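Here are the chains, one letter per residue:
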Amino acid sequence: MSDFSNIPAATASDDLQVLAALARDLAALKYTVDGVEALLGAEAYAAFARDQPVPALLKTRDDDGALAAVVRLWLLAEPIPRAAVNTALPETGVEALLALRLIEPAGPVADCETVRAAVDLRPYGWPAQANAADEANNGKGGHGTDLWVASDLAAHQRPGVLRHDHVLGIGQASLTLAQSIVRRPVETALDLGTGCGIQTFHLLEHAQHVVATDISVRALAFTRFNVLLNAAQLGIQPENLQARVDLRLGSLLEPVAGETFELVISNPPFVITPRSSIEDAADRFTYRDGGLAGDELVAALVRGLPDVLAAGGTAQLLGNWEIPSGASWSAAPESWIREGTDAWFIQREQVSPGQYAETWLQDASQNRDLALYGRSYAAYLADFASRDVSGIGFGLIWLRSPAPLDGVQGAERISRFEEILYPIEQPVGPHLGAAVDRADWLAGLAPDALPQTRLIVAPDVTEERHQRPGAEHPGVILLRQGAGLRRTNLLSTELAGFVSVCDGDLTVGQIIAALATFLDRRDDGGAENGGAENGGAGHGAANGSAGHGAANGSAENGGAEGQFMSGLLHGTRNLIRDGFLLPCPPN
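Some details on the overall build of the protein chain
On a plain count of helices and strands, the protein chain comes out with 21 helices and 19 strands. When the 587 residues of the protein chain are sorted by exposure, 51% land in the buried category. Summarising the internal contacts of the protein chain: among those between residues at least 6 apart in sequence, 70% fall at separations of at least 24. Of the accessible surface of the protein chain, which amounts to about 26000 Å², a share of 51% is contributed by carbon and sulfur atoms.

Some details on the sheet that holds strand E3 (residues 114–117)
One key point about sheets: their strands pair by backbone hydrogen bonds, in either a parallel or an antiparallel sense. Read from one edge to the other, the open sheet built from three strands follows the order E1-E3-E2, with strand pairing classed as antiparallel. Strands at the two margins of the open sheet, each flanked by one partner only, are strand E1 (80–81) and strand E2 (103–105). Where E1 and E3 come together, two bridges link them in antiparallel fashion. If you follow Ile80 over to E3, its bridge partner there is Val115.

Some details on the pattern of salt bridges
A complete count under the given rule lists 24 salt bridges for this structure. For Glu104, the salt bridge goes to Arg116, with nearest N and O atoms at 2.9 Å. Taken together, the residues span a long stretch of sequence, with Glu104 in strand E2 and Arg116 in strand E3 at a distance of 12 residues. With its nearest N and O atoms 2.4 Å apart, the salt bridge here joins Arg248 to Glu259. Taken together, the residues span a long stretch of sequence, with Arg248 in strand E8 (residues 245–249) and Glu259 in the loop between E8 and strand E9 (261–266) at a distance of 11 residues.

Some remarks on the packing of helix H17 (residues 429–444) against helix H21 (residues 562–577)
It is at 9 Å that the axes of H17 and H21 come closest, and there the two elements cross at 150 degrees. Touching Arg438, Trp441 and Leu442 of H17 are Arg573, Ile576 and Arg577, all from H21.

Observations concerning the sheet that holds strand E10 (residues 309–324)
Ordered by their spatial adjacency, eight strands build an open sheet running E8-E7-E6-E9-E10-E12-E11-E13, and the pairing between neighbours is mixed. In the strand order of this sheet, the two ends are held by E8 and strand E13 (415–419), each with one partner. Ignoring which end each strand starts from, the neighbouring axes of this sheet average 20 degrees apart. Relative to strand E12 (residues 389–400), strand E11 (residues 342–351) runs antiparallel, the two being bridged by nine bridges. Counted as the bridge partner of Gln347 is Gly395 from E12. Against the sheet, helix H15 (residues 353–363) touches E10, E11 and E12, its axis set at about 70 degrees to E12. Sitting on the sheet, H17 touches E10, E11 and E12, and the angle it makes with E11 is about 140 degrees.

Digging into the environment of Gln179
Following the sequence through the fold, Gln179 ends up in helix H9 (residues 172–180). Considering only alpha carbons, one finds Gln179 and Pro427, 248 residues apart in sequence, at a separation of 4.4 Å. Excluding its chain neighbours within four sequence positions, the residues that come into contact with Gln179 are Gln426, Pro427, Val428 and Gly429.

Quick notes on the pairing of E12
Counted residue by residue, E12 has 11 buried out of 12 residues, so it is predominantly covered. Bridge analysis of E10 against E12 gives 11 bridges, and the strand direction is antiparallel. Paired with Ile323 across the two strands is Gly391, which belongs to E12.

What about the environment of Ser13?
On the secondary structure map, Ser13 appears in the segment before helix H1 (16–29). Ser13 gets classed as buried once you look at its relative accessible area, which sits at 1%. Once the C-alpha coordinates of Ser13 and Leu229 are considered, the two residues, 216 residues apart in sequence, prove to be 8.4 Å apart. With residues up to four places along the chain from it excluded, the contact list for Ser13 reads Phe4, Ser5, Leu19, Arg224, Phe225 and Leu228. Among the polar contacts made by the side chain of Ser13, one reaches the side chain of Arg224 at a distance of 2.8 Å.

Brief notes about H15
Of the positions making up H15, those classed as buried are Pro353, Gly354, Tyr356, Ala357, Trp360 and Leu361. An end-on view of H15 places all buried positions within 160 degrees of arc, on one side of the element. Tucked inside the fold, the buried residues of H15 contact E10, E11, helix H16 (370–386) and E12.

Quick word on the nonpolar core
A general trend in soluble globular proteins is that nonpolar side chains are found buried together. Ranked by internal contacts, the top residues of the largest apolar core, which has 130 residues, are Tyr31 and Trp74. For this core, the element with the highest residue contribution is helix H11 (residues 217–229), accounting for eight residues. Beyond its immediate stretch of four places on either side in the chain, Tyr31 contacts Leu26, Val36, Leu67, Val70, Val71, Trp74, Leu75, Leu121, Arg122, Pro123 and Trp148. Counting 26 residues, the second-largest nonpolar core is a separate cluster that includes Leu455, Leu495, Ala496 and Cys502.

Things to note about the pairing of strand E16 (residues 476–481)
Note that strand E15 (residues 461–466) and E16 share six bridges and pair antiparallel. Across the sheet, Glu464 pairs through a bridge with Leu478, a residue of E16. Across four bridges, E16 lies against strand E17 (residues 488–491) in antiparallel orientation. Bridge pairing in E17 places Arg480 opposite Thr488. With antiparallel pairing between neighbouring strands as the criterion, E16 and E17 make up a hairpin whose turn holds six residues, including Gly484 at a positive phi of roughly 60 degrees.

Examining the packing of helix H2 (residues 33–40) against helix H5 (residues 66–75)
Helix packing for two helices is described by the angle between their axes and how far apart those axes are. Interhelical geometry of H2 versus H5 gives an angle of 105 degrees and a closest axis separation of 11 Å. Viewed along their axes, H2 and H5 adopt a mutual orientation that is roughly perpendicular. Contacts between H2 and H5 involve Gly35, Val36, Leu39 and Leu40 on the former and, on the latter, Leu67, Ala68, Val71 and Leu75. Here the contact of H2 with H5 is built from residues that sort into seven nonpolar, one polar and no charged.

Details of the packing of aromatic side chains
The final tally for this structure, using the stated rule, is 12 aromatic pairs. Both rings, one in Tyr356 and one in Tyr380, keep their centres 6.5 Å apart while their planes meet at 70 degrees; by these two values the pair is edge-to-face. Of the two residues, Tyr356 is situated in helix H15 and Tyr380 in helix H16; the sequence distance between them amounts to 24 residues. Both residues of the pair, Tyr356 and Tyr380, belong to the buried class.

Let's talk about the confidence of the model for the protein chain
Across the protein chain, pLDDT averages 87, with 85% of residues at or above 70. Ignoring residues within four places in sequence, the model shows residues 130–142, a span with pLDDT below 50, making 23 contacts including any to other chains. Taken as a whole, residues 523–561 scores under 50 in pLDDT and shows 78 contacts with residues more than four places along the chain or in a different chain.

Digging into H9
Buried within H9 we find Ser174, Thr176, Leu177, Ala178 and Ser180. Buried residues along H9 sit in contact with helix H10 (198–203), E9, E10, E12 and H17.

Cut-offs used in this document
Residues numbered from 1 in each chain as written. Predicted model: local features only at pLDDT ≥ 70, side-chain atom pairs only at ≥ 80, totals over all residues. Heavy atoms only, no water. Helix = DSSP H or I, 4+ residues; strand = E, 2+ residues; numbered from the N terminus. Buried < 20%, exposed > 50% of the residue type's maximum accessible area, 1.4 Å probe, protein only. Contact = heavy atoms within 4.5 Å. Areas by Shrake-Rupley, 256 points an atom, 1.4 Å probe, with all protein chains shown as cover. Pairing = 2+ DSSP bridges. Salt bridge = Lys/Arg side-chain N within 4 Å of Asp/Glu carboxyl O. Axes fitted to C-alpha atoms, helices over the stretch in contact; angles between N-to-C directions. Polar contact = N/O pair within 3.5 Å; in protein donor to acceptor, adjacent residues only side chain to side chain. Arc of directions from axis to C-beta. Core = buried A, V, L, I, M, F, W, Y, C linked by side-chain atoms within 4.5 Å. Parallel < 35°, antiparallel > 145°, perpendicular 65-115°, else oblique. Nonpolar A, V, L, I, M, F, W, Y, C, P; charged D, E, K, R; others polar. Phe/Tyr/Trp six-rings, centres within 6.5 Å; stacked < 30°, edge-to-face > 60°. pLDDT = per-residue confidence, 0-100.

Structure below.
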């Protein structure tokens, strides 16, 4: 099945002229993120973002304007007179909106005088400084992007439990993923589990061609509608959609078997759900439940994604993973990684089985049926207990297929598993990309190159010292990042002294040699003997030169740096890797 233009119970997109008329009507209304916020005011808009519609209802109750009518219709799911809709959207009109399945009669007869939303249709966009194409072009130029997104009505907009083929709208998970993507120009990209198409929107800013897959025909119908409604902003020719976007039905990697992509992104149905021997596929919430036990869906994706990545291609996705009692949170994710594949997992949250059950039962409004809620909650707890699961982690996953690093054979691969539970800067994607670049730079360095490198302190880094009253020296020295992942690094006195001199004037080896002399780090024969065993700085240290041993950069070969230099070199590499220190730009 490849035509998703007229799927029952989903938005229809078979009339391109009507879609173009609707886009013009919405733009004329200023039905944008900024326009709606201006109409509602900051407080009511913030409440609406928390799924609290009452302040927005009060704000628009006595407003007869066209924009207020559209906000009440699609954002607040309030019945609206047909005449008000015709006035607000004159080029489109009620009959066309009914044909698109965006609205439906609010009463039992087709010619009812009021209509209501059949879907959620809301503005979405990003400002100029976050425009992906401009970021890929070194930040030059820039323009904002105003779009509209259709999806199923959410729990706070309609009564009852969500339908099992519910098409999720703009949620926190999809925004988290969009903000974490390293956006660079690519020819081919895959949006695996596209949902309503949010990730495809962003991919079209920097990918020439996007394949968008989903197991749900309704989801693909919504994605097609959304892409075509926003065709002008996304650089799509509506009559030739296939030139930029290819929609495919299927599970996980099946629709793209045998193909490869430079970039794969996915917000997969990663939610861990109790399995039943008598369950049917129709019993699953397809937007979140992939039908596998435990965290096996995410595990299968991580294991299988290298098969669809071009050489050096990357994948980024969200995921949940189970944490057995007494085990490290990263134990399971580490076992999923195929040999030779670069991997970076960042755990952003960890919850107990009970907290997890409460979150996802509420997500689908299953708490509105108390009997169902009780049975489902018990099933979650029993399912986790059967595998001795004490916690569930959530986080970001970055993978890269094996590829030589600038011809360096046997270069160190990226293998990072870290927990960052505090707030980080958003969008974080550019910072993740810069971290990968630094790791590749370090991996490509010749063994003796780091001591000859000049470094500077990153502009967002500050130093913090703590000492007891009356103490001669600080007991704790911290480096803090104000941007990106906002890490904090505990420094030794020696490493703090090293960082304080990193202004690009001296090489790493020269700084270490000078520190060795200043701190009198010499062996029994003196620093001038250059003994590696005692960390001597080597001949010429007093003159600010690292000496012959520093140039070689190897403690193992008896170079002058010894333990002192090797220890500082190790700390320096870690500070470069995490972005506290940066290679000095060429003059």
